[in-house]
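Each chain, letter by letter, is given below.
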Amino acid sequence: MVLLTDVGMRFGFFLILSLTSADRDALGEARAAKRCYCDLQMSDGPFPHQQLDELYLISQNCSVELNKQQFNEPLEIIAYVDQKLRNLVQRINEFEEEYDGELYSIISYRIIEIEIAELNELLNQLQEKCSRNNDERTDLDTQAQNITNKVDELEKYDRLKVTQEHKRNIILKRSLTSCQNALLVTPTPYVSPQPGSCSFGRLRAVSNPRNSMLNHFGTSYSYGSWGKDPLPAPGKEDQYWLVVLTSSNRFGTKIRVYSSYSKFLTKGTHKDINFQTHNPQGPGGVMYGDAYYYNCYNLGKLCKFNMTTLEVISATLPFAGFNDKFPYCTLASCYLYTDMDLATDENGLWVLYSTTFSFGNLIVSRLDTTDLSLLESWNTTLFKRSASNAFLVCGIVYATRYVSPEIEEIFYMFDTTSGVEQYNLKIQFRKILPGIQYMNYNPRDKKLYVYSDTYVISYSLTFE
(Lines give C-alpha, C1' and ligand atoms only; values in the text may rest on other atoms or scores of the structure.)
Protein backbone atom coordinates (compact mmCIF):
# COMPACT_ATOMS: atom_id res chain seq x y z
CA MET A 1 0.00 0.00 0.00
CA VAL A 2 1.18 3.48 -0.76
CA LEU A 3 0.55 6.39 1.59
CA LEU A 4 1.16 9.87 0.14
CA THR A 5 1.36 12.51 2.84
CA ASP A 6 1.35 16.33 2.60
CA VAL A 7 5.02 16.43 3.48
CA GLY A 8 5.76 13.75 0.94
CA MET A 9 3.96 15.69 -1.76
CA ARG A 10 5.91 18.82 -0.93
CA PHE A 11 9.30 17.17 -1.32
CA GLY A 12 8.33 14.70 -4.03
CA PHE A 13 8.99 11.59 -1.95
CA PHE A 14 6.75 8.48 -1.74
CA LEU A 15 6.72 6.41 1.44
CA ILE A 16 6.07 2.73 0.76
CA LEU A 17 4.70 0.95 3.87
CA SER A 18 4.14 -2.77 4.39
CA LEU A 19 1.29 -2.94 6.86
CA THR A 20 0.96 -5.73 9.42
CA SER A 21 -2.11 -6.27 11.58
CA ALA A 22 -0.54 -4.14 14.29
CA ASP A 23 0.24 -1.46 11.73
CA ARG A 24 -3.33 -1.54 10.50
CA ASP A 25 -4.51 -0.95 14.04
CA ALA A 26 -2.13 1.97 14.36
CA LEU A 27 -3.34 3.31 11.02
CA GLY A 28 -6.91 3.08 12.21
CA GLU A 29 -6.01 5.08 15.28
CA ALA A 30 -4.24 7.67 13.10
CA ARG A 31 -7.28 8.01 10.87
CA ALA A 32 -9.42 8.39 13.92
CA ALA A 33 -7.16 11.25 15.06
CA LYS A 34 -7.08 12.66 11.45
CA ARG A 35 -3.35 13.03 11.57
CA CYS A 36 -0.54 11.69 9.48
CA TYR A 37 3.11 11.87 10.40
CA CYS A 38 6.12 11.53 8.10
CA ASP A 39 9.68 11.53 9.30
CA LEU A 40 11.93 12.62 6.39
CA GLN A 41 15.64 12.12 6.83
CA MET A 42 18.01 14.05 4.49
CA SER A 43 21.59 12.88 4.30
CA ASP A 44 22.87 16.42 3.57
CA GLY A 45 21.03 18.04 6.46
CA PRO A 46 18.56 20.97 6.34
CA PHE A 47 19.00 23.69 3.70
CA PRO A 48 21.15 26.60 5.08
CA HIS A 49 18.77 29.50 4.45
CA GLN A 50 20.72 31.85 6.70
CA GLN A 51 23.90 31.29 4.68
CA LEU A 52 22.03 31.99 1.44
CA ASP A 53 20.68 35.27 2.84
CA GLU A 54 24.18 36.29 3.89
CA LEU A 55 25.52 35.61 0.39
CA TYR A 56 22.74 37.69 -1.10
CA LEU A 57 23.64 40.68 1.13
CA ILE A 58 27.33 40.34 0.25
CA SER A 59 26.54 40.33 -3.48
CA GLN A 60 24.44 43.48 -3.07
CA ASN A 61 27.32 45.20 -1.27
CA CYS A 62 29.66 44.24 -4.13
CA SER A 63 27.30 45.85 -6.65
CA VAL A 64 27.20 49.04 -4.59
CA GLU A 65 31.00 49.15 -4.38
CA LEU A 66 31.38 48.65 -8.13
CA ASN A 67 29.04 51.56 -8.84
CA LYS A 68 30.94 54.05 -6.73
CA GLN A 69 31.81 57.39 -8.32
CA GLN A 70 35.48 56.91 -7.47
CA PHE A 71 35.88 54.49 -10.39
CA ASN A 72 34.89 57.30 -12.75
CA GLU A 73 37.28 59.85 -11.27
CA PRO A 74 40.41 58.53 -13.07
CA LEU A 75 38.62 58.94 -16.41
CA GLU A 76 37.81 62.55 -15.58
CA ILE A 77 41.42 63.19 -14.54
CA ILE A 78 42.69 61.59 -17.77
CA ALA A 79 40.44 63.88 -19.83
CA TYR A 80 41.68 66.90 -17.87
CA VAL A 81 45.32 65.80 -18.31
CA ASP A 82 44.73 65.46 -22.06
CA GLN A 83 43.38 69.02 -22.24
CA LYS A 84 46.29 70.29 -20.14
CA LEU A 85 48.76 68.57 -22.47
CA ARG A 86 47.15 70.17 -25.53
CA ASN A 87 47.29 73.61 -23.90
CA LEU A 88 50.91 73.03 -22.87
CA VAL A 89 51.96 72.01 -26.39
CA GLN A 90 50.27 75.09 -27.83
CA ARG A 91 51.91 77.35 -25.25
CA ILE A 92 55.35 75.82 -25.91
CA ASN A 93 54.88 76.37 -29.65
CA GLU A 94 54.01 80.00 -29.02
CA PHE A 95 56.99 80.29 -26.70
CA GLU A 96 59.28 78.89 -29.42
CA GLU A 97 57.91 81.43 -31.91
CA GLU A 98 58.57 84.23 -29.44
CA TYR A 99 62.07 82.88 -28.84
CA ASP A 100 62.80 82.61 -32.58
CA GLY A 101 61.57 86.14 -33.02
CA GLU A 102 63.82 87.39 -30.18
CA LEU A 103 60.75 88.19 -28.12
CA TYR A 104 61.69 85.77 -25.35
CA SER A 105 59.53 86.40 -22.30
CA ILE A 106 60.44 85.16 -18.80
CA ILE A 107 56.73 85.39 -17.95
CA SER A 108 55.87 82.95 -20.74
CA TYR A 109 58.59 80.60 -19.50
CA ARG A 110 57.29 80.83 -15.93
CA ILE A 111 53.73 80.06 -17.08
CA ILE A 112 55.00 76.93 -18.85
CA GLU A 113 56.80 75.88 -15.63
CA ILE A 114 53.59 76.33 -13.63
CA GLU A 115 51.53 74.32 -16.14
CA ILE A 116 54.11 71.49 -16.08
CA ALA A 117 53.94 71.45 -12.26
CA GLU A 118 50.12 71.29 -12.42
CA LEU A 119 50.38 68.45 -14.94
CA ASN A 120 52.74 66.50 -12.66
CA GLU A 121 50.34 66.97 -9.76
CA LEU A 122 47.46 65.61 -11.87
CA LEU A 123 49.54 62.59 -12.88
CA ASN A 124 50.35 61.89 -9.21
CA GLN A 125 46.66 62.06 -8.34
CA LEU A 126 45.85 59.71 -11.21
CA GLN A 127 48.50 57.20 -10.11
CA GLU A 128 47.24 57.31 -6.52
CA LYS A 129 43.60 56.79 -7.50
CA CYS A 130 44.46 53.96 -9.91
CA SER A 131 46.50 52.21 -7.20
CA ARG A 132 43.64 52.56 -4.71
CA ASN A 133 41.10 51.28 -7.23
CA ASN A 134 43.30 48.29 -8.09
CA ASP A 135 43.40 47.34 -4.40
CA GLU A 136 39.64 47.64 -4.10
CA ARG A 137 39.12 45.68 -7.30
CA THR A 138 41.36 42.86 -6.00
CA ASP A 139 39.32 42.73 -2.80
CA LEU A 140 36.08 42.62 -4.78
CA ASP A 141 37.48 39.85 -7.00
CA THR A 142 38.26 37.80 -3.89
CA GLN A 143 34.76 38.34 -2.50
CA ALA A 144 33.18 37.39 -5.83
CA GLN A 145 35.21 34.15 -5.96
CA ASN A 146 34.19 33.29 -2.40
CA ILE A 147 30.54 33.88 -3.27
CA THR A 148 30.88 31.64 -6.32
CA ASN A 149 32.40 28.83 -4.26
CA LYS A 150 29.72 29.04 -1.61
CA VAL A 151 26.93 29.07 -4.20
CA ASP A 152 28.44 25.92 -5.74
CA GLU A 153 28.28 24.30 -2.30
CA LEU A 154 24.65 25.32 -1.84
CA GLU A 155 23.63 23.86 -5.19
CA LYS A 156 24.05 20.29 -3.88
CA TYR A 157 20.92 20.85 -1.79
CA ASP A 158 18.91 21.48 -4.93
CA ARG A 159 17.87 17.90 -5.60
CA LEU A 160 15.08 18.75 -8.02
CA LYS A 161 17.10 21.46 -9.85
CA VAL A 162 14.55 24.05 -8.74
CA THR A 163 17.16 26.77 -8.35
CA GLN A 164 18.67 26.17 -11.77
CA GLU A 165 15.27 26.28 -13.43
CA HIS A 166 14.47 29.42 -11.50
CA LYS A 167 17.64 31.04 -12.85
CA ARG A 168 16.72 30.04 -16.39
CA ASN A 169 13.25 31.50 -15.93
CA ILE A 170 14.72 34.80 -14.72
CA ILE A 171 17.02 34.98 -17.76
CA LEU A 172 14.17 34.19 -20.14
CA LYS A 173 11.89 36.71 -18.48
CA ARG A 174 14.59 39.39 -18.71
CA SER A 175 15.16 38.63 -22.40
CA LEU A 176 11.44 38.74 -23.10
CA THR A 177 11.08 42.06 -21.31
CA SER A 178 14.00 43.50 -23.24
CA CYS A 179 12.50 42.33 -26.53
CA GLN A 180 9.10 43.79 -25.68
CA ASN A 181 10.68 47.11 -24.71
CA ALA A 182 12.58 47.20 -28.01
CA LEU A 183 9.36 46.59 -29.96
CA LEU A 184 7.42 49.21 -28.03
CA VAL A 185 10.13 51.88 -28.06
CA THR A 186 9.17 55.21 -29.64
CA PRO A 187 11.56 57.63 -31.37
CA THR A 188 13.18 60.17 -29.05
CA PRO A 189 11.43 63.52 -29.48
CA TYR A 190 13.49 66.38 -30.92
CA VAL A 191 14.97 68.59 -28.24
CA SER A 192 15.97 72.12 -29.18
CA PRO A 193 19.63 72.92 -28.54
CA GLN A 194 20.33 74.61 -25.23
CA PRO A 195 20.69 78.35 -25.79
CA GLY A 196 24.29 79.42 -25.95
CA SER A 197 25.64 75.97 -26.79
CA CYS A 198 28.19 74.67 -29.27
CA SER A 199 29.23 71.12 -30.00
CA PHE A 200 32.17 71.85 -27.71
CA GLY A 201 30.05 73.52 -25.01
CA ARG A 202 28.89 76.94 -23.98
CA LEU A 203 31.22 79.95 -23.72
CA ARG A 204 32.46 80.10 -20.15
CA ALA A 205 35.38 82.52 -19.99
CA VAL A 206 37.87 84.70 -21.85
CA SER A 207 41.55 84.37 -21.00
CA ASN A 208 43.91 87.15 -20.07
CA PRO A 209 45.56 88.75 -23.13
CA ARG A 210 47.66 86.03 -24.75
CA ASN A 211 49.63 88.34 -27.02
CA SER A 212 49.72 92.09 -27.30
CA MET A 213 51.87 94.52 -29.24
CA LEU A 214 51.72 97.96 -30.79
CA ASN A 215 50.37 97.86 -34.33
CA HIS A 216 52.97 97.93 -37.11
CA PHE A 217 52.24 101.50 -38.23
CA GLY A 218 52.64 103.33 -34.92
CA THR A 219 50.71 105.17 -32.23
CA SER A 220 48.88 107.46 -34.66
CA TYR A 221 46.49 104.70 -35.73
CA SER A 222 43.91 104.13 -33.00
CA TYR A 223 41.50 102.25 -35.26
CA GLY A 224 42.13 99.04 -37.18
CA SER A 225 41.55 95.33 -37.47
CA TRP A 226 43.68 92.20 -37.73
CA GLY A 227 43.52 88.43 -37.58
CA LYS A 228 43.81 85.17 -39.42
CA ASP A 229 41.65 83.79 -42.25
CA PRO A 230 39.28 81.07 -40.91
CA LEU A 231 38.94 79.64 -44.43
CA PRO A 232 42.39 80.21 -45.96
CA ALA A 233 43.42 79.53 -49.53
CA PRO A 234 45.97 76.71 -50.01
CA GLY A 235 49.41 77.91 -48.97
CA LYS A 236 48.00 80.74 -46.83
CA GLU A 237 47.08 78.69 -43.75
CA ASP A 238 49.57 80.57 -41.53
CA GLN A 239 49.01 84.04 -42.98
CA TYR A 240 48.10 87.02 -40.76
CA TRP A 241 46.63 90.32 -41.95
CA LEU A 242 46.42 93.86 -40.62
CA VAL A 243 44.39 96.92 -41.72
CA VAL A 244 44.76 100.33 -40.03
CA LEU A 245 42.53 103.34 -40.65
CA THR A 246 43.92 106.70 -41.72
CA SER A 247 42.29 110.09 -42.26
CA SER A 248 40.56 110.71 -38.91
CA ASN A 249 40.23 106.99 -38.22
CA ARG A 250 37.72 106.64 -41.03
CA PHE A 251 39.08 104.51 -43.88
CA GLY A 252 41.96 102.24 -44.82
CA THR A 253 44.09 102.23 -47.95
CA LYS A 254 45.83 98.84 -47.87
CA ILE A 255 46.02 95.40 -46.31
CA ARG A 256 49.33 94.24 -44.91
CA VAL A 257 49.85 90.45 -44.85
CA TYR A 258 52.50 88.31 -43.15
CA SER A 259 53.19 84.72 -44.15
CA SER A 260 53.62 83.51 -40.54
CA TYR A 261 52.99 84.53 -36.96
CA SER A 262 56.69 84.86 -36.19
CA LYS A 263 57.06 87.38 -39.02
CA PHE A 264 53.99 89.22 -37.76
CA LEU A 265 55.46 89.41 -34.25
CA THR A 266 58.84 90.63 -35.44
CA LYS A 267 57.33 92.97 -38.06
CA GLY A 268 59.39 91.13 -40.63
CA THR A 269 58.87 90.47 -44.31
CA HIS A 270 55.37 91.43 -45.43
CA LYS A 271 53.28 92.36 -48.44
CA ASP A 272 51.08 95.46 -48.80
CA ILE A 273 48.02 95.15 -51.05
CA ASN A 274 46.36 98.45 -51.98
CA PHE A 275 42.64 98.98 -52.50
CA GLN A 276 41.99 100.28 -56.01
CA THR A 277 38.35 101.25 -55.48
CA HIS A 278 35.88 101.30 -52.60
CA ASN A 279 38.22 101.73 -49.66
CA PRO A 280 37.07 100.13 -46.40
CA GLN A 281 35.30 102.39 -43.92
CA GLY A 282 35.44 101.67 -40.19
CA PRO A 283 37.27 98.91 -38.30
CA GLY A 284 34.66 96.19 -38.87
CA GLY A 285 36.26 94.28 -41.76
CA VAL A 286 37.23 90.59 -41.73
CA MET A 287 39.17 88.17 -43.90
CA TYR A 288 37.26 85.06 -44.99
CA GLY A 289 37.97 82.64 -47.84
CA ASP A 290 40.91 84.70 -49.17
CA ALA A 291 38.73 87.81 -49.47
CA TYR A 292 38.40 90.91 -47.31
CA TYR A 293 34.80 91.95 -46.45
CA TYR A 294 33.97 95.44 -45.17
CA ASN A 295 31.68 98.49 -45.24
CA CYS A 296 32.29 100.38 -48.50
CA TYR A 297 33.54 103.93 -47.92
CA ASN A 298 30.74 106.48 -47.46
CA LEU A 299 28.07 104.02 -48.67
CA GLY A 300 25.37 101.84 -47.15
CA LYS A 301 26.96 98.88 -48.91
CA LEU A 302 29.10 95.86 -48.21
CA CYS A 303 32.22 95.20 -50.27
CA LYS A 304 34.25 92.07 -51.03
CA PHE A 305 37.90 92.48 -52.00
CA ASN A 306 39.41 89.39 -53.62
CA MET A 307 42.98 89.00 -52.32
CA THR A 308 44.13 87.12 -55.44
CA THR A 309 42.45 88.92 -58.32
CA LEU A 310 42.17 92.30 -56.48
CA GLU A 311 38.62 92.62 -57.80
CA VAL A 312 35.91 94.33 -55.74
CA ILE A 313 32.19 93.59 -55.74
CA SER A 314 29.58 95.42 -53.68
CA ALA A 315 25.96 95.02 -52.61
CA THR A 316 23.54 97.25 -50.70
CA LEU A 317 22.76 96.23 -47.15
CA PRO A 318 19.01 97.06 -47.06
CA PHE A 319 18.15 100.07 -44.90
CA ALA A 320 21.38 99.70 -42.88
CA GLY A 321 22.65 102.75 -41.02
CA PHE A 322 26.14 104.01 -41.85
CA ASN A 323 28.38 107.05 -41.31
CA ASP A 324 28.00 106.84 -37.50
CA LYS A 325 24.22 106.48 -37.42
CA PHE A 326 24.23 103.25 -35.35
CA PRO A 327 27.78 102.73 -34.02
CA TYR A 328 28.99 100.78 -30.97
CA CYS A 329 29.28 103.02 -27.88
CA THR A 330 30.41 103.28 -24.28
CA LEU A 331 28.77 105.54 -21.71
CA ALA A 332 31.25 108.30 -22.51
CA SER A 333 31.55 108.13 -26.31
CA CYS A 334 31.04 106.02 -29.43
CA TYR A 335 33.47 104.17 -31.67
CA LEU A 336 33.67 105.88 -35.07
CA TYR A 337 32.17 104.22 -38.16
CA THR A 338 31.31 100.91 -36.48
CA ASP A 339 27.81 100.79 -38.01
CA MET A 340 28.52 97.62 -40.03
CA ASP A 341 30.43 94.93 -38.19
CA LEU A 342 31.48 91.86 -40.19
CA ALA A 343 31.98 88.61 -38.23
CA THR A 344 33.00 84.98 -38.77
CA ASP A 345 32.14 81.76 -36.97
CA GLU A 346 31.61 78.04 -37.60
CA ASN A 347 28.57 78.81 -39.77
CA GLY A 348 30.23 81.26 -42.14
CA LEU A 349 30.17 85.04 -42.64
CA TRP A 350 27.86 87.45 -40.77
CA VAL A 351 27.13 91.16 -40.54
CA LEU A 352 25.90 92.98 -37.42
CA TYR A 353 24.15 96.32 -38.00
CA SER A 354 20.99 98.31 -37.31
CA THR A 355 18.25 100.17 -39.18
CA THR A 356 15.69 102.85 -38.53
CA PHE A 357 12.96 100.20 -38.86
CA SER A 358 14.51 98.20 -36.02
CA PHE A 359 14.60 101.39 -33.88
CA GLY A 360 18.35 101.09 -33.52
CA ASN A 361 18.25 97.51 -32.22
CA LEU A 362 20.89 95.06 -33.38
CA ILE A 363 20.15 92.98 -36.50
CA VAL A 364 22.08 89.77 -37.24
CA SER A 365 22.34 88.56 -40.85
CA ARG A 366 24.19 85.65 -42.40
CA LEU A 367 25.76 86.49 -45.77
CA ASP A 368 26.23 84.71 -49.04
CA THR A 369 29.98 85.05 -49.61
CA THR A 370 29.55 85.00 -53.39
CA ASP A 371 27.20 87.93 -54.01
CA LEU A 372 26.83 89.42 -50.47
CA SER A 373 23.08 88.72 -50.41
CA LEU A 374 21.35 88.04 -47.07
CA LEU A 375 20.68 84.35 -46.41
CA GLU A 376 18.92 84.79 -43.07
CA SER A 377 18.26 87.66 -40.67
CA TRP A 378 17.25 87.97 -37.01
CA ASN A 379 15.99 91.01 -35.08
CA THR A 380 17.14 91.33 -31.47
CA THR A 381 16.02 93.55 -28.59
CA LEU A 382 19.57 94.79 -27.94
CA PHE A 383 19.97 98.53 -28.60
CA LYS A 384 23.18 98.62 -30.65
CA ARG A 385 24.54 101.76 -29.01
CA SER A 386 24.35 100.03 -25.60
CA ALA A 387 27.07 97.58 -26.68
CA SER A 388 30.75 98.38 -27.10
CA ASN A 389 31.34 95.52 -29.57
CA ALA A 390 30.12 92.05 -30.58
CA PHE A 391 31.20 88.73 -32.11
CA LEU A 392 29.69 85.35 -33.01
CA VAL A 393 30.42 81.76 -31.99
CA CYS A 394 28.38 78.88 -33.44
CA GLY A 395 25.61 81.22 -34.59
CA ILE A 396 25.43 82.86 -31.16
CA VAL A 397 25.93 86.61 -30.85
CA TYR A 398 27.91 87.81 -27.83
CA ALA A 399 27.91 91.54 -27.05
CA THR A 400 30.30 93.40 -24.76
CA ARG A 401 30.13 96.57 -22.70
CA TYR A 402 32.66 98.88 -21.10
CA VAL A 403 33.04 98.35 -17.33
CA SER A 404 36.29 100.18 -16.53
CA PRO A 405 39.59 101.09 -18.22
CA GLU A 406 40.88 97.62 -17.26
CA ILE A 407 37.74 95.44 -17.59
CA GLU A 408 35.34 94.64 -20.43
CA GLU A 409 32.30 92.40 -19.92
CA ILE A 410 30.36 90.04 -22.20
CA PHE A 411 26.88 90.75 -20.89
CA TYR A 412 24.52 89.66 -23.70
CA MET A 413 23.90 86.73 -26.03
CA PHE A 414 21.42 85.95 -28.79
CA ASP A 415 21.04 82.38 -30.07
CA THR A 416 20.03 82.35 -33.75
CA THR A 417 19.03 78.68 -33.41
CA SER A 418 16.41 79.14 -30.69
CA GLY A 419 15.86 82.91 -30.69
CA VAL A 420 16.66 83.03 -26.97
CA GLU A 421 18.25 86.20 -25.56
CA GLN A 422 20.09 86.65 -22.26
CA TYR A 423 21.34 89.87 -20.68
CA ASN A 424 23.07 88.46 -17.58
CA LEU A 425 26.15 86.57 -18.78
CA LYS A 426 28.69 88.56 -16.69
CA ILE A 427 31.79 87.16 -18.44
CA GLN A 428 34.53 89.70 -17.70
CA PHE A 429 38.04 89.89 -19.17
CA ARG A 430 41.05 92.17 -18.79
CA LYS A 431 42.15 94.82 -21.27
CA ILE A 432 45.51 96.30 -22.14
CA LEU A 433 44.01 99.72 -22.94
CA PRO A 434 40.51 101.17 -22.29
CA GLY A 435 39.05 101.13 -25.81
CA ILE A 436 38.15 98.16 -28.05
CA GLN A 437 37.55 99.25 -31.63
CA TYR A 438 37.51 95.78 -33.22
CA MET A 439 36.70 92.24 -32.09
CA ASN A 440 36.27 89.02 -34.09
CA TYR A 441 36.25 85.28 -33.35
CA ASN A 442 38.20 82.84 -35.51
CA PRO A 443 36.57 79.36 -35.52
CA ARG A 444 39.76 77.77 -36.86
CA ASP A 445 41.87 78.44 -33.76
CA LYS A 446 39.03 79.50 -31.38
CA LYS A 447 40.72 82.80 -30.58
CA LEU A 448 39.35 86.29 -30.22
CA TYR A 449 41.28 88.92 -32.19
CA VAL A 450 41.05 92.46 -30.81
CA TYR A 451 42.28 95.90 -31.88
CA SER A 452 42.50 98.14 -28.81
CA ASP A 453 43.72 101.76 -28.96
CA THR A 454 46.61 101.08 -31.40
CA TYR A 455 47.39 97.63 -29.92
CA VAL A 456 46.71 94.23 -31.51
CA ILE A 457 45.69 91.61 -28.93
CA SER A 458 44.48 88.01 -28.96
CA TYR A 459 42.48 86.08 -26.35
CA SER A 460 41.70 82.40 -25.94
CA LEU A 461 38.10 81.36 -25.29
CA THR A 462 37.14 78.68 -22.79
CA PHE A 463 34.08 76.51 -23.44
CA GLU A 464 32.28 74.03 -21.24
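Further up the page is the structure itself.
Residues numbered from 1 in each chain as written. Predicted model: local features only at pLDDT ≥ 70, side-chain atom pairs only at ≥ 80, totals over all residues. Heavy atoms only, no water.

Taken together, the 4 strands give an open sheet; going across it, the order is β9-β10-β11-β12, and neighbouring strands pair in antiparallel fashion. Only two strands of the sheet have a single neighbouring strand rather than two, namely β9 (280–287) and β12 (312–316). Neighbour-to-neighbour, the strand axes of the sheet open up by a mean angle of 25 degrees, direction not taken into account. Summarising the sheet, β9 and strand β10 (residues 291–296) pair through 4 bridges and their orientation is antiparallel. Paired with Met287 across the strands is Tyr292, a residue of β10. (Pairing = 2+ DSSP bridges. Helix = DSSP H or I, 4+ residues; strand = E, 2+ residues; numbered from the N terminus. Axes fitted to C-alpha atoms, helices over the stretch in contact; angles between N-to-C directions.)

All right, on to the state of the cysteines then. Formally, a disulfide is one covalent bond, and it connects the sulfur atom of one cysteine to the sulfur atom of another. By the definition in use, this model includes 2 disulfides. Here Cys296 pairs with Cys303 through a disulfide, and the sulfurs are 1.9 Å apart. One quick way to see it: the torsion about the S-S bond of Cys296 and Cys303 is about 115 degrees, and its sign makes the bridge right-handed. In terms of burial, Cys296 and Cys303 fall into one category: buried. (Disulfide = S-S within 2.5 Å. Buried < 20%, exposed > 50% of the residue type's maximum accessible area, 1.4 Å probe, protein only.)

Attention now goes to the sheet that holds strand β7 (residues 254–258). Taken in spatial order, the 4 strands line up as β5-β6-β7-β8 in an open sheet, and their pairing is antiparallel. Edge positions in the open sheet fall to β5 (224–228) and β8 (271–274), since each of these has one partner strand only. Neighbouring strand axes in the sheet, compared pairwise and without regard to direction, differ in orientation by 20 degrees on average. Bridge count between strand β6 (residues 240–244) and β7: 3 bridges; the pairing is antiparallel. Paired with Trp241 across the bridge in β7 is Val257.

The next point concerns a nonpolar patch on the surface. A cluster of nonpolar side chains, contributed by Ile106, Ile107, Tyr109 and Ile111, occupies part of the molecular surface with about 380 Å² of accessible area. Structurally, Ile107 can be placed in helix α5 (residues 106–154). On the basis of relative accessible area, Ile107 is assigned to the exposed category, the value being 58%. (Patch = residues over 30% accessible without salt bridge, like charges linked within 9 Å, V, L, I, M, F, W, Y side chains within 5 Å. Areas by Shrake-Rupley, 256 points an atom, 1.4 Å probe, with all protein chains shown as cover. Salt bridge = Lys/Arg side-chain N within 4 Å of Asp/Glu carboxyl O.)

The residue Thr416 is located in the loop between β19 (407–415) and β20 (421–422) in this model. For Thr416, a relative accessible area of 12% puts it in the buried group. At 2.6 Å, the side chain of Thr416 forms a polar contact with the backbone oxygen of Gly395. The residues touching Thr416, leaving out its near neighbours within four places in the chain, are Trp350, Val364, Trp378 and Gly395. (Polar contact = N/O pair within 3.5 Å; in protein donor to acceptor, adjacent residues only side chain to side chain. Contact = heavy atoms within 4.5 Å.)

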